[in-house]
Amino acid sequence: MTAAISIEALTKTYAARGQQVRAVDGLDLEIPQGGIFGFLGANGAGKTTTIRAIVGHMRATSGTIRVFDMPVPKHLPSIIDRVGALVEAPLFFPNFSGRKNLSLLARSRGFPQERVDSVLATVGLTDRAGSRFATYSLGMKQRLGVASVLLKDPDLLILDEPANGLDPPGILEMRKLMRDLSAQGKTVFVSSHILSEIEHTCDRVAIIARGKLVRTGSVQEILSTGTTSRYTVKVPGDSAVRDNAARSLLAAGWSVFADEHGEMLVDVAAERAHEITAHLANDGLWVSELAPVARTLEAAFLELTADAQGGAQ
Amino acid sequence: MSMRLLNTELRRYFSRRVMVGGLLAGLFIVLGVNIFQLARSSTSPDLNDALTVGVPQKCLVRMSGPTPIYSGACVDGLANGPFEGQVEEHIDHGGRSFGVGVNNGAELKPALIERAQDRRLHISATFSKALKIIGAPMVFLSILLASSFLAADFGTSIGTQLMFEPRRRLTYLTKTLAVMIGAALITLALAVFAFALQYIGSATRGITTGMDGHWFGLRLADTGRIMLAAAIAAPLGLAVAALTKRTVAAVGMFFGMYIVLGVLGGTSWGRPIAKYLPINSLTALAVNEFGPNTNWFGIRTMLGALMVASIIALALTALTSAWFERREMR
Ligand SMILES: Nc1ncnc2c1ncn2[C@@H]1O[C@H](COP(=O)(O)OP(=O)(O)O)[C@@H](O)[C@H]1O
Ligand SMILES: [Mg+2]
C-alpha cells in the first residue's frame, strides 16, 4: 500500500529581514496509511512549515512531497477531497456565522448542506453555529476548524496542534475524535509540541528539531530512548536549608538544577529516585516532596539531539 | 469555469455586511437625485430681468409695481431684439436692482420677461440624466465592494478556501467574475430603483409621455453601459486589494487617481498618462458624453473608453492571477 504522505529531502528557507531562516532542512518522512501519526517538535521546529508545504499553502525551496502517491502541490486538485487539513489557527471569515462559513465551503465542492449540520453536531457547535465566527472563543474556533476538515470526510486528516486553545475536556474529546477517525480506517497526521499529547494518542511518531528529523518510530520506541527523569525535591525550611541540600547532593555526584522558581530539580533514573531521600536523610535533611517533573518534549529533545549536536545545547 | 464555484463566490460576495452599507449608499444616491429632480418639478414661470426698448403694449402681461412684465413668447417674436444696450449705472426700481443704459440714444427701460418654464419631472427626458449621475458613484461602489471582498479574505479565510479548491488561478478568476457580476447586478438594481422613483414622480407630479419602445431601447443601453462601467471597475479594485491586501489601498487609489488626473491633465506631458488612468476611461464610459467640449484627455468615443478600461482591467487581472497562483498563503 502506498504511503499517505511521503516527504523526501524537503527544505524550506524563509527570507526574513535579510536573514535566511532554514525552517525545514532536508526532511525525509513517510507516513503510512492508517493509524495516528504524531509529528513532534518544539515551537519553531518546522512542523507548521512542513504541513503548509504538504497542503500547498507555499512552495518548498527543494525536495518532493507526495500525498497518496501524487506529487504536490502540482496534483493537489486531484487528491484534495481526500485530505482535510487544519493548519495553525483555523481561518474563517469573521463576519459570517460558523454555519455560513462551512456552508460556503461545502457548496464550493458540491457537498450536501446536511453535512454541515452533521459535522457541527460532531464537534458540539450546533448551539452557536448561527453566531459570527469573530465572537467564538479560541476553542470554538478550533472546533469549527475540525468541523471543516470533517466536512470532506477525508481519508487523511492533517491536524496542526489541534489541542491549542482547547480546555481539558476539549482535549479529551479531540483525542477521542482522533481515535474514532482512526478506527474508521482514516489516517491522522497530528502535530504537537507537547509530548503527553502524542503519547496518549499516537501509534507512531516523528520528532523534528530545527527542521531536521531526529527520530521516527513507534511511541514505545521513542519514549524508551530516555534513561533519566527529572524530579522536584522539596525540603522544609528557608533557602539556606535548600542550598545545603543542593550542595550535599552535588557533592555526592547528582545532577542538581534550580527551576525558574528556585525549586531544586534533580535528574535521576526512576528506579534510583528513592536514593535522594536516603542521601538527604543521612545529612539530617528531610524531604517533604519528591515528585517527577512531567517529561517534556524539550527534555526528550535535548537527550535525543545531544549526540547529533556534539552535546551542545 | 466552474458554475459551482461561481455560485459560491457570488453568495460570499453578497452575504457580506459591507453589502448592506453599500446598497444603502447606492439607494441614497438614487433617492437624492430623484428628490432633487422632484423638488424642481413645477410649471411655475420664470421671471428674468431685462432692459428693453420699444416693446409694444401688446406684450405687456401685467405690472409688478412700477415694472412691466412682458410675455417671453411675445418679445422673442419682435424684429429688433429689445434687450441690447450698454449698462451705465444700476438703479433701484420697484425693490429690484436694474442696470440702466442707453441704446442708440434711446433710453432702456427695466422690465421683467415672463417665460413659461416646464420643469416638470418628465421621465422620458430626465431618466437618462439620472442614469448619468448614478454611473460614476456606481464605479466607486463597485471598486469598494470588490476590494473589500478579497482584502478581507486574505488573512481570514483564503487558506481555508484553498483547502477546498486548490486551483488558485481558477479561484482568482472566479472571484473576478463574481465581483464583476455582483457590481453589474447591484447597478442594475439601482437603475431599476431609479426608474421606479422616476416613474412614480413623473406620474404624480410630472409627465410620463415619450416612453416608447425606442426610448426604452435607449435607456436599456444606458443602463447596460453603466453596468459595464461598474463591472469593469470591479477587477481593478479586486486586483489592487489582492496585491496590497488592503481595501483602503484600492479605495485610496481611486480617489488618488482623481487628483493625479487633475495634476497630470494640466500638463502637456501628463495628458497621455492621464488618458490611460483607468478612472478616466471608466468615468467617460459611465457618463458617456463625448464632444468637442467634453474632454477625456484624448478618449473621444464610448468604444474607445470601453477598450482602454477593458484592456487595463484584463492586464491587471492576468498579472494578479499569476501572482495569486505563486504567493504564500496563510
Ligand atoms: N513566514 C515566515 N517567514 C519567516 N520565517 C518563518 C515564517 N514562518 C515560519 N518561520 C520560521 O521558521 C521556523 C519554523 O517555524 P514553524 O514551521 O512555524 O515551526 P513550528 O510549527 O514547529 O512551531 C521558525 O524559526 C519560524 O520563525
Ligand atoms: Mg506551528
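Residues numbered from 1 in each chain as written. Chains lettered and ligands numbered in written order. Predicted model: local features only at pLDDT ≥ 70, side-chain atom pairs only at ≥ 80, totals over all residues. Heavy atoms only, no water.

Enquirer: Explanation requested: the nonpolar core in the structure shown.
Expert: Inside soluble globular proteins, nonpolar side chains tend to come together where they are buried. In this structure, I5, L102, I158 and F189 of chain A are the most contacted members of the largest nonpolar core, which totals 73 residues. Apart from the residues lying within four places of it in its own chain, the contact partners of L102 of chain A are F92, V116, V119, L120, L144, A147, S148 and L151 of chain A. (Core = buried A, V, L, I, M, F, W, Y, C linked by side-chain atoms within 4.5 Å. Buried < 20%, exposed > 50% of the residue type's maximum accessible area, 1.4 Å probe, protein only. Contact = heavy atoms within 4.5 Å.)

Enquirer: Would you take a moment to explain the site of ligand 1 for this structure?
Expert: Residue and element names in this part refer to chain A. Taken together, the neighbourhood of ligand 1 is formed by Y14, A16, V21, A23, A42, N43, G44, A45, G46, K47, T48 and T49. Here K47 contributes a backbone N or O atom positioned 2.8 Å from an oxygen atom of ligand 1. For ligand 1, the accessible surface in isolation is 560 Å², of which the surrounding protein chains cover 67%. Of all the elements in the fold, those that place two or more residues in the shell around ligand 1 are β1 (5–16), β2 (19–31) and α1 (47–54). When residues of the shell around ligand 1 are assigned to their parent elements, the largest contribution, three residues, is made by α1. Here the residues of the shell around ligand 1 are counted per class, giving six nonpolar, five polar and one charged. (Near = heavy atom within 4 Å. Polar contact = N/O pair within 3.5 Å; in protein donor to acceptor, adjacent residues only side chain to side chain. Areas by Shrake-Rupley, 256 points an atom, 1.4 Å probe, with all protein chains shown as cover. Helix = DSSP H or I, 4+ residues; strand = E, 2+ residues; numbered from the N terminus. Nonpolar A, V, L, I, M, F, W, Y, C, P; charged D, E, K, R; others polar.)

Enquirer: Is there a simple way to explain unusual backbone geometry in this structure?
Expert: Negative phi values dominate among residues other than glycine, just as trans dominates among peptide bonds. Residues and elements named next belong to chain A. Here V72 and P73 are connected by a cis peptide whose omega angle stands at 5 degrees. Phi is positive for E161, close to 50 degrees, though the residue is something other than glycine. Following the sequence through the fold, E161 ends up in the loop between β7 (156–160) and α6 (168–183).

Enquirer: Help me understand the side chain of T171 of chain B in this model?
Expert: Residues and elements named next belong to chain B. As for its placement among the helices and strands, T171 is situated in helix α6 (residues 168–205). A polar side-chain atom of T171 sits 3.5 Å from the main-chain carbonyl oxygen of E165. Beyond its immediate stretch of four places on either side in the chain, T171 contacts L5, E9, L162, E165 and F324.

Enquirer: Sorry, what's going on with the domain arrangement of chain A here?
Expert: Interfaces are often described in size by the accessible area the parts lose on coming together. Taken as a whole, chain A is organised into domain 1 (5–220) and domain 2 (229–294). Centre-to-centre separation of domain 1 of chain A and domain 2 of chain A, based on C-alpha positions: 41 Å. (Domains from an automatic or database assignment.)

Enquirer: Just checking my understanding: could you explain the packing of aromatic side chains for this structure?
Expert: Scanning the entire structure with this criterion turns up 20 aromatic pairs over all chains. Ring centres of F154 of chain B and F324 of chain B lie 6.1 Å apart, and the angle between their planes is 85 degrees; on these two criteria the pair is classed as edge-to-face. In this pair, F154 of chain B sits in the loop between α4 (123–153) and α5 (158–164) while F324 of chain B sits in helix α11 (residues 302–326), placing the two residues 170 residues apart along the sequence. This pair shows no difference in class: F154 of chain B is buried, exactly as F324 of chain B is. Centre to centre, the rings of F254 of chain B and F255 of chain B are 5.9 Å apart; their planes meet at 75 degrees, and the pair counts as edge-to-face. For F254 of chain B, a relative accessible area of 3% corresponds to the buried category. Among the aromatic residues, ring-to-ring pairing joins F127, F195, Y199, W215 and F216 of chain B into one connected group. Positioned over the ring face of F164 of chain B is K152 of chain A, at 4.8 Å from the centre of the ring. (Phe/Tyr/Trp six-rings, centres within 6.5 Å; stacked < 30°, edge-to-face > 60°. Lys NZ or Arg CZ within 6 Å of the ring centre and 35° of its normal.)

Enquirer: Honestly, the interface of chain B and chain A in this entry has me stumped. Any pointers?
Expert: Contacts between chain B and chain A engage 29 residues on the former and 32 residues on the latter. Buried surface at the junction of chain B and chain A, both sides included, amounts to about 2,800 Å², of which 58% is carbon and sulfur. When residues of chain B are sorted by the area they lose upon contact with chain A, M163, F164 and R330 of chain B head the list and together hold 28% of the total. Those elements that provide at least two residues to the side of chain B that touches chain A are α1 (3–15), α4, α5 and α11 of chain B. If one sorts the elements of the side of chain B that touches chain A by residue count, α1 of chain B sits on top with seven residues. (Buried area = accessible area lost by both parts, 1.4 Å probe.)

Enquirer: Please clarify how the domain arrangement of chain B should be interpreted in this entry.
Expert: When cut into domains, chain B gives domain 1 (3–40 + 120–326) and domain 2 (46–115). The gap between the C-alpha centroids of domain 1 of chain B and domain 2 of chain B is 50 Å.

Enquirer: Before we go on, may I ask you to explain the pairing of strand β3 (residues 35–40) of chain A in this structure?
Expert: Taken residue by residue, a regular strand's side chains alternate between the two faces of the sheet. Residue and element names in this part refer to chain A. Of all the six residues making up β3, six are buried; the element is thus mostly covered by neighbouring parts of the structure. Sheet topology places β3 next to strand β8 (residues 187–192); six bridges connect them, and they run parallel. Each bridged residue has a counterpart across the sheet, and for I36 the counterpart in β8 is V188. (Pairing = 2+ DSSP bridges.)

Enquirer: I tried to follow the pattern of salt bridges on my own but got confused; where do I start?
Expert: Side-chain pairing between opposite charges can occur once the charged atoms of the two side chains come close. Tallied over the full model, the rule gives 23 salt bridges over all chains. Of the charged contacts in the structure, one is a salt bridge between D25 of chain A and R22 of chain A, with a shortest N-O distance of 3.3 Å. A residue is classified by how much of its surface remains accessible, and R22 of chain A, at 49% relative accessible area, is partly exposed. Between E173 of chain A and R143 of chain A there is a salt bridge whose closest N-O contact spans 3.6 Å. Of this pair, E173 of chain A sits in helix α6 while R143 of chain A sits in helix α5 (residues 138–151), placing them 30 residues apart in sequence. A relative accessible area of 21% means that R143 of chain A is categorised as partly exposed. Taken together, the shared-partner salt bridges in this structure form one network comprising D81 and R109 of chain A together with E165 and R167 of chain B. (Salt bridge = Lys/Arg side-chain N within 4 Å of Asp/Glu carboxyl O.)

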